Amino acid sequence: MRALSLLLFTVLLAPHATGQATDVLGSVQFETSPASPEAMEAFEQGVLLLHNFEFRDAQAAFSQARELDPDFAMAYWGGAMANNMPVWNTQDLDAARAILAEAPPAPTEREAAYLDAVRQLFGEGDKKERDRRYAEAMRALHEAYPEDDEAQAFYALALLGTEGGTRNFRTYMRAGALALDLFERNPKHPGAAHYVIHSFDDPIHAPLGLEAAHAYAVIASDAPHALHMPSHIFMALGMWEESAASNEASAAAGLRRDSGWHHATYWLAYTYTQQGRLDDALAQIEQMVARTEADPDSRMNRHHLALMQASYLVESGEWWIPLHPSLDEIDDLRMTTQAQVHFARGMKALDAGRLAAADSHITHIEQLAEEGTVRYGSDRGLTRVTAMVLDAQRHRAAGDTLAAIELAGQAVEVYESLAFEFGPPVPVKPAHELYADLLLEAGRSEEAAEAYRVSLERMPKRRLSQINAPATDAP
């Protein structure tokens, strides 16, 4: 049996020019069998990139490690792992299986356990079952090697991956406890801070992730996703200044590395609207328009542009601003994104007094809810809520306030039944906020105050809810 070597790595050579000699990606200790120094360096880099969700660069790093040392079994483990994006409920099954098919035998029982676990992840069965088996395998690995930080980190991530991109608080708290324990033991571990944030990024639990949020951008200051992730906690707590700074840094780093800037730009534009900085939000949209026109075939560009424009119209009330022509054909976008485009078009029609046109968009969203392709577990429910919110707005425009209130109340009930969604709201006009708006318009101020209170519990310091909420005598 080959001897184990202890790898301690903090700053690594970048695989591509970023204007700096090194990238700061965190600090991790990982025991592995020896490999060539060059392969080991590439492997080390891949692990850090993997923890920071820089999957494309991680794939390249592990591929380099395999090329440099084809007998380095853990490089095949890493290559497969880099094809799994658990929190995003996405994976490249064929690519991972192809890598694992070429893997040499692992030289130690522990490394064999890592490879066996990832084979569960990419084995037979549907994704949900494979995710569950992988989490069970990682639990066994963690229990067999309790001093192995990587087993603990990847077990926490495996638990997050079992929920299909939605939030089950019991599972998330289990993952959070593992990640928080590791973060306290190794405060420079990028995965620990990262998975703490993912576990606690909702308004109730976000205070538990605040220390990790402040630390993560420093731990991995050259990873665009790491620079963005603190805003998951900041947004959940209504810390708009910190959210803006986080996403400004992430968007700038993402543009330099061509990684993740779309997501950060979307969150940044929404954050600006919450600060009342509508001109700055519009400038972000204009930049996204320019990038979309430069690369009109990019579905990622169009997905984020759609969400940014729909959200901005709600936050600003400037319904006369046209949607970009690239959003005329949206069948290739995520179900909930298509629904927000139809919502925006329906609201524009209502603003122009065209109720029949709005009805058509309501029908489109309802059809999406029934027939659309689900990526995340709440997609169908969120699409259904979007249709109900637009239908309530339609009755509001027709002067039928009672029907509008009833529909908005039903939308709230459906939304409450769904797993919590973090980030900028979907629907872009939150059901709770609309329900409160309608109650206030009907003169039911006490009910409206309670509805706004609930709205602000779910979305702390949301600007429109704060502006519209009636003053109360409560301390």
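Since the model is a prediction, treat every value here as computed from it, not as a measurement. (Residues numbered from 1 in each chain as written. Predicted model: local features only at pLDDT ≥ 70, side-chain atom pairs only at ≥ 80, totals over all residues. Heavy atoms only, no water.)

What to know about the overall build of the protein
No. 1: Along the backbone of the protein there are 23 helices and four strands.
No. 2: The C-alpha atoms of the protein give a radius of gyration of 23 Å, which matches the 23 Å a tight globule of 475 residues would have.
No. 3: Burial status across the protein gives 59% buried among its 475 residues.
No. 4: At a minimum sequence separation of 6, the contacts of the protein that also span at least 24 residues come to 63%.
No. 5: Across the protein, the 39 positively charged side chains and the 69 negatively charged ones have centroids separated by 2 Å. (Helix = DSSP H or I, 4+ residues; strand = E, 2+ residues; numbered from the N terminus. Rg over C-alpha atoms; globule rule 2.2 N^0.38 Å. Buried < 20%, exposed > 50% of the residue type's maximum accessible area, 1.4 Å probe, protein only. Contact = heavy atoms within 4.5 Å. Lys, Arg positive; Asp, Glu negative; His and termini not counted. Charge placed at Lys NZ, Arg CZ, Asp CG, Glu CD.)

A look at the pattern of salt bridges
Where charged atoms from two side chains of opposite charge come close, those side chains can pair.
No. 1: Taken as a whole, this structure holds 27 salt bridges when the rule is applied.
No. 2: Close ionic contact of Glu370 with Arg384 constitutes a salt bridge, the shortest N to O distance being 3.9 Å. Taken together, the positions of Glu370 in helix α18 (residues 355–371) and Arg384 in helix α19 (residues 379–397) put the pair 14 residues apart, joining distant regions of the chain.
No. 3: In this structure Glu370 comes out as exposed when scored by relative accessible area, which is 57%.
No. 4: Each member of the salt-bridge network shares a partner with another, and the members are Glu315, Lys429, Glu433, Asp437 and Arg462. (Salt bridge = Lys/Arg side-chain N within 4 Å of Asp/Glu carboxyl O.)

Observations regarding the packing of aromatic side chains
No. 1: In total, this model carries 14 aromatic pairs according to the counting rule given.
No. 2: With 5.7 Å between their ring centres and 50° between their planes, Phe30 and Phe43 make a pair best called tilted. Here Phe43 lies in helix α1 (residues 37–51) and Phe30 lies in strand β2 (residues 22–32), a separation of 13 residues in the sequence. The same class applies to Phe30 as to Phe43, namely buried. (Phe/Tyr/Trp six-rings, centres within 6.5 Å; stacked < 30°, edge-to-face > 60°.)

Some remarks on the packing of helix α21 (residues 431–441) against helix α22 (residues 445–458)
No. 1: At a minimum axis distance of 8 Å, the contact between α21 and α22 shows a crossing angle of 165°. Comparing the axis directions of α21 and α22 gives the class roughly antiparallel. Where α21 crosses over α22, the handedness of that crossing is left-handed. Seen from α21, the contacting residues are His432, Glu433, Tyr435, Ala436, Asp437, Leu439 and Leu440; seen from α22, they are Ser445, Glu447, Ala448, Ala451, Tyr452, Val454, Ser455 and Arg458.
No. 2: Of the residues assigned to the contact of α21 with α22, the class counts are eight nonpolar, three polar and four charged. (Axes fitted to C-alpha atoms, helices over the stretch in contact; angles between N-to-C directions. Parallel < 35°, antiparallel > 145°, perpendicular 65-115°, else oblique. Left-handed = near helix turned anticlockwise from the far one by under 90°. Nonpolar A, V, L, I, M, F, W, Y, C, P; charged D, E, K, R; others polar.)

Here's the deal with helix α13 (residues 240–257)
Residues lying three or four places apart along an α-helix face the same way, a consequence of the helix completing one turn every 3.6 residues.
No. 1: Across its 18 residues, α13 extends 25 Å between first and last C-alpha, which sits within 8% of the 26 Å expected from 1.5 Å per residue.
No. 2: Of all the positions in α13, only Trp240, Ser243, Ala244, Ser246, Asn247, Ser250, Ala251, Ala253, Gly254 and Arg257 are classed as buried.
No. 3: After α13 finishes, the residue Asp258 shows a positive phi value of roughly 55°. (Expected span 1.5 Å × (residues − 1).)

Notes on the nonpolar core
No. 1: By size, the foremost hydrophobic cluster in this structure holds 75 residues, and its most contacted members are Phe43, Trp77, Met138 and Phe154.
No. 2: Among the elements that take part in this core, helix α7 (residues 149–161) stands out by supplying nine residues, more than any other.
No. 3: Among all residues touching Met138, those that are not within four sequence positions of it are Tyr114, Ala117, Ala151, Phe154, Tyr155 and Ala158.
No. 4: Judged by nonpolar contacts, the second largest core, of 65 residues, contains Trp267, Leu327, Ala404 and Ala411. (Core = buried A, V, L, I, M, F, W, Y, C linked by side-chain atoms within 4.5 Å.)

Remarks on helix α2 (residues 55–68)
No. 1: Taking 1.5 Å per residue, 14 residues should reach 20 Å; α2 reaches 20 Å between its end C-alpha atoms and fits that length.
No. 2: Listing the buried residues of α2 in full gives Phe55, Asp57, Ala58, Ala61, Phe62, Ala65 and Arg66.
No. 3: Where α2 is buried, its residues contact α1, α3 (73–81), β3 (84–85), α4 (93–101) and α13.

Observations regarding empty space enclosed by the protein
No. 1: Taken as a whole and judged by the stated rule, the model has four cavities of 30 Å³ or more.
No. 2: One number sums up the size of the largest cavity: a volume of about 200 Å³.
No. 3: If you go around the largest cavity, you meet 17 residues; those closest to its centre are Met235, Phe420, Gly423, Arg458 and Met459.
No. 4: The element best represented in the lining of the largest cavity is helix α12 (residues 230–236), accounting for three residues.
No. 5: Grouping the constituent residues of the lining of the largest cavity by class yields 12 nonpolar, two polar and three charged.
No. 6: Here the second largest cavity defines a volume of roughly 90 Å³.
No. 7: As for the second largest cavity, its lining consists of 13 residues, and the residues nearest its centre are Met81, Asn84, Pro86, Tyr134 and Leu157.
No. 8: Counting residues per element, the lining of the second largest cavity draws most heavily on α7, which supplies four residues.
No. 9: Taken together, the residues of the lining of the second largest cavity break down into nine nonpolar, three polar and one charged. (1 Å grid on protein atoms, 1.4 Å probe; cavity = no way out; pocket = protein on both sides within 12 Å on 5 of 7 lines; lining within 4 Å. Points joined across faces, edges and corners; volume = space filled by probe spheres on them.)

Considering the environment of Ala269
No. 1: Position of Ala269 among the secondary structure elements: in helix α14 (residues 261–274).
No. 2: Look at Ala269 and you get buried, because its relative accessible area is 6%.
No. 3: Not counting residues up to four positions away in its chain, the partners in contact with Ala269 are Ala281, Gln284 and Met308.

Observations concerning the packing of α3 against α4
No. 1: Where α3 meets α4, the closest approach of the two axes is 8 Å, and the angle between their N-to-C directions is 175°. As summarised for this structure, α3 and α4 are arranged roughly antiparallel, according to the angle between their axes. From α3, Tyr76, Gly79 and Ala80 reach across to α4, where they touch Ala96, Ile99 and Leu100.

Quick notes on the confidence of the model for the protein
No. 1: When pLDDT is averaged along the protein, the result is 92; 95% of the residues meet or exceed 70.
No. 2: With pLDDT under 50 throughout, residues 1–22 is counted as low confidence; its partners more than four residues away or in other chains account for 68 contacts. (pLDDT = per-residue confidence, 0-100.)

A word on the environment of Ala290
No. 1: As for its placement among the helices and strands, Ala290 is situated in helix α15 (residues 278–294).
No. 2: Put simply, Ala290 and Arg394 are 104 residues apart on the chain and 33 Å apart in space, counted from C-alpha to C-alpha.

Here's the deal with unusual backbone geometry
No. 1: Look at the link from Val426 to Pro427: it is a cis peptide, with omega at 0°.
No. 2: Here Pro427 lies in the loop between α20 (401–416) and α21.
No. 3: In this structure, Phe53 takes a positive phi of about 60° despite not being glycine.
No. 4: Tracing the backbone shows Phe53 in the loop between α1 and α2.
No. 5: The phi angle at Lys461 is positive, at roughly 60°, despite the residue not being glycine.
No. 6: Position of Lys461 relative to the elements: it lies in the loop between α22 and α23 (463–468).
No. 7: We classify Lys461 as partly exposed; its relative accessible area is 45%.

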